[in-house]
There are 2 protein chains.
Amino acid sequence: MASPPHRKRRATVHDVAIHSGVSRGTVSRYINGERYVSSAAREAIEAAIREVGYVPNTAARNLVMQRSQSVGFIVHEPGSLFIEDPNIGEIMLGANATLSAEDHQMAVLVVDSDRDTDRVARYLSGGFVEGAIIVSARSHDPISEVIDRLELPAAYVGRPPDAPAAASFVVIDNRSAAAAITTRLAATGRRRIGMIAAALDRDSGADRLAGFREALGDRFDETLVEATPLYSYSGGRDAATSLLQRAPDIDGLFAASDAVAAGAMEALRAAGRRIPEDVAIVGFDDSTWSRRTIPALSTVHQPARELGAEAARLVLLKLRGEAAPTQVQLDCSVVWRESA
Amino acid sequence: MASPPHRKRRATVHDVAIHSGVSRGTVSRYINGERYVSSAAREAIEAAIREVGYVPNTAARNLVMQRSQSVGFIVHEPGSLFIEDPNIGEIMLGANATLSAEDHQMAVLVVDSDRDTDRVARYLSGGFVEGAIIVSARSHDPISEVIDRLELPAAYVGRPPDAPAAASFVVIDNRSAAAAITTRLAATGRRRIGMIAAALDRDSGADRLAGFREALGDRFDETLVEATPLYSYSGGRDAATSLLQRAPDIDGLFAASDAVAAGAMEALRAAGRRIPEDVAIVGFDDSTWSRRTIPALSTVHQPARELGAEAARLVLLKLRGEAAPTQVQLDCSVVWRESA
DNA sequence: TTGTAGGCGTTATCAA
DNA sequence: TTGATAACGCCTACAA
């Protein structure tokens, strides 16, 4: 037998049964609110429960019921994510609300090292969760492999390059959103519109550029696009500085993210441009950045909460054995502030 | 027996035993890497595992071992928290790193509704976790009650008013940090220093005011303190507006948080004051706010990651049955930028 | 080195 | 209505 690391033994159904003079079966029935418990038994049980301080061991219940009523929410690299991206918190909340309504527990699993990766993979396969929601998955991830191999009901927010084919994905339409805000920007009468593209190796980055190009059509000018590897402030600042030297006459700018836009605004200011008088600028994400820049940034709002809710809904669907769409796409909206 | 919601049955130790022609005991021993497994048995077992696709059910193992190797990380109202407070993410990371090093799984449990409160309380008492870390606990919280009643090894980040006496707390010294930054502000030669106090009903808020007062000593002027209920941008803006009307000659300002400071800066600007030339301002938290205001805000940095790491360390200590300090206090540092 | 069997705390079946 | 009893998947003393 095991030797528990010296902690107070907790009362069990067995104890309650002894103390109340009924059988474990009856106690169990009482606990699960079934009918067929006489009021005499009920009272005895209630007294016994108080007396011994019984609290049900859900883990044991799960073992026999073969379900844990909980789903994992896996988030990679939360260090940068939580700080830079307010969406992640909203996604969590959306997922939790949906799960909660169906009485499922959401357990957020942080992946911040290789150790974490392995441990979380074990956790997922260990019967603690019935399903998983994954945000910002990595390529060649043991976690995705586990999900795939175990056929664990899962939904990804975003679409990683090598995700399990059996999973579902909830995504936003980066391309049409980028096109929408570019069109809006052009409608303000700007003639020379540039873009600070970012993360072109990711779907999101590439799609935002594609949307920009699409919106401009014939007026698209390749020389007005400057790229930076990450969705970062400094990247935006540096790229904008280069762009400004190459094309000092730009009067409109689409940044691939709010952070990039904020960096670009610093460069614009340093170059003596007024915003939006000389150069109008728009971003993407509707992050806290967009509300704290001066002037406030016009940007694209992601339905973060809905993203999470939808992912949860998909997992729940699969859990019930119902058919779940393999991909669902949610619409973004343009929020217009003062920067353009 | 239960009827699992129609999912693929997973192979068990039993199946592996059958397929490999050895007993369950031997399979179990192999899995747990014990000695006393012949190489013949080993090979047969390995083959069988691959064949049937066995993956251990950790939940079942936990039941018999009486330990889950995981601790809950409970966060309330993450909606506002994740967005306003970058510290929370850092605290999570710090806790996770420490737990991970000891091979414990951290499960973040979000509390966002009454439903959540009850479910999480059940989860905590259900044997899924061996301990808990709580950030931003609420008063009269069923969760704290459960922790108290079950004597669940726990550590709080911050010290809620009615926390279980048996728990441990890791806190920062708001008072001396506030005193430190106020002293630094005074050292720049400011004569009339005001404060936008906030959340005076919380320890943190009251202590920051106390530190401010302490640092100023005789020069403390009660009429230069304006209070606002929450650590919010709008509260800071409105309070600063009032203060400015009452005392137009202030030349220094300590805001109880960065968000409050950012709001105050808006008010200052609206009143035509230059920062820091006319009025120098400092905040508290070193949140993203402080890096995005113009000019960048001088502020107090909380050792967020260490806060989380320390809380985890305390829980781990208790888990081992070792004595854990009832409270540990961590130092803050002043980070000086351009606003003062 | 291996097999047997009992138990972890529940729920569920079935006869009483 | 209730009480035995057999699972759930695993670990581990003890015997062989």
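The coordinates are above.
Residues numbered from 1 in each chain as written. Chains lettered and ligands numbered in written order. Predicted model: local features only at pLDDT ≥ 70, side-chain atom pairs only at ≥ 80, totals over all residues. Heavy atoms only, no water.

1. Description of the protein's contact with DNA strand D
Stated precisely, the cut-off is as follows: Only a single heavy atom is needed: when it lies within 4 Å of a molecule or strand, its residue is near that molecule or strand. Any N or O atom pair separated by 3.5 Å or less is treated as a polar contact, with the protein-specific requirement of one donor-capable and one acceptor-capable atom, and with residues adjacent in sequence counted only for side-chain atom pairs. Polarity classes work like this: nonpolar for Ala, Val, Leu, Ile, Met, Phe, Trp, Tyr, Cys and Pro, charged for Asp, Glu, Lys and Arg, and polar for all others, with Gly in that last group.
Not every one of the 30 residues close to DNA strand D is listed here, only the nearest: Thr26(A), Ser38(A), Val13(B), Tyr54(B) and Arg61(B). Counted by atom, the contact set of DNA strand D within 4 Å of the protein is 73% sugar and phosphate. Take Ser28(B): an N or O atom from its side chain is 3.0 Å from a phosphate oxygen of DNA strand D. Here the surface near DNA strand D is composed, by residue class, of 15 nonpolar, 10 polar and 5 charged.

2. Let's talk about the relation of the copies chain B and chain A
This is how the line gets drawn: Only residues with pLDDT of at least 70 in both copies contribute their C-alpha atoms to the least-squares superposition of the copies. Should any heavy atoms of two residues lie within 4.5 Å, those residues are considered in contact.
When chain B is fitted to chain A, the residual RMSD is 0.3 Å, and the transformation amounts to a turn of 179° plus an axial shift of 0.1 Å. Taken together, the rotation and translation describe the operation of a two-fold axis. The position closest to the rotation axis in chain B is occupied by the C-alpha of Val108(B), lying 2.2 Å away. With an isologous cut-off of 70% or more, the 100% of interface residues of chain B that recur at the interface of chain A puts this contact in the isologous class.

3. Quick look at the interface of chain B and chain A
Heads up, the rule is: We define a salt bridge as a contact between a side-chain nitrogen of Lys or Arg and a carboxyl oxygen of Asp or Glu at a distance within 4 Å.
Every contact between the two is made by 61 residues of chain B and, on the other side, 62 residues of chain A. Asp103(A) is paired through a salt bridge with Arg115(B); the nearest N and O atoms lie 3.8 Å apart. Applying the counting rule to chain B against chain A returns 22 residue pairs in polar contact (both at pLDDT 80 or more). Broken down by class, the residue content of the side of chain B that touches chain A amounts to 29 nonpolar, 15 polar and 17 charged.

4. Concerning the pairing of strand β6 (residues 193-198) of chain B
Residues and elements named next belong to chain B. What counts here: Exposed residues in this analysis have more than 50% of their type's maximum accessible area, buried residues have under 20%, and partly exposed residues fall in between, with area computed by a 1.4 Å probe over protein chains only. Secondary structure elements follow DSSP: runs of H or I of four or more residues count as helices, runs of E of two or more count as strands, with numbering from the N terminus. Pairing between strands is defined by DSSP: at least two bridges between the two strands are required. When the strands point away from the viewer, a crossover counts as right-handed if the path from the first strand over the helix to the second runs clockwise.
Burial runs high along β6: 6 of the 6 residues are buried. Examined bridge by bridge, β6 and strand β8 (residues 252-255) share 4 bridges and lie parallel to one another. If you follow Ile196 over to β8, its bridge partner there is Ala255. Of the strand pairs in this sheet, β6 and strand β7 (residues 225-228) are connected by 4 bridges, and their pairing is parallel. Bridging across to β7, Ile196 finds its partner in Glu226. Taken together, β6, helix α10 (residues 203-216) and β7 form a β-α-β motif whose crossover is right-handed.

5. Thoughts on the nonpolar core
This is how it is decided: We call a set of buried Ala, Val, Leu, Ile, Met, Phe, Trp, Tyr and Cys residues a nonpolar core when their side-chain atoms join them within 4.5 Å.
Ranked by size, the top nonpolar core spans 138 residues in total, and within it Phe73(A), Ile133(A), Phe73(B) and Ile133(B) carry the most contacts. Setting aside anything within four residues of it in sequence, one finds Ile133(B) in contact with Val71(B), Gly72(B), Phe73(B), Ile74(B), Ala95(B), Leu99(B), Ala155(B), Val157(B), Ala311(B), Ala312(B) and Val315(B). If you look at the next biggest cluster of nonpolar residues, it comprises 49 residues, including Tyr123(A), Ile134(B), Leu152(B) and Val171(B).

6. A word on unusual backbone geometry
Here the amide bond leading from Ile294(A) into Pro295(A) is cis, since omega sits at -5°, within 30 degrees of zero. When you line up the elements, Pro295(A) lands in the loop between α13 (288-292) and β10 (299-301). For Glu151(A), which is not glycine, the phi dihedral falls at a positive 55°. As for its position among the elements, Glu151(A) is in the loop between α8 (142-150) and β4 (154-157). Here Ala199(B), not a glycine, exhibits a phi torsion of approximately 50°, which is positive. Here Ala199(B) is to be found in the loop between β6 and α10. Among the residues examined, Ala199(B) registers a relative accessible area of 3% and is labelled buried.

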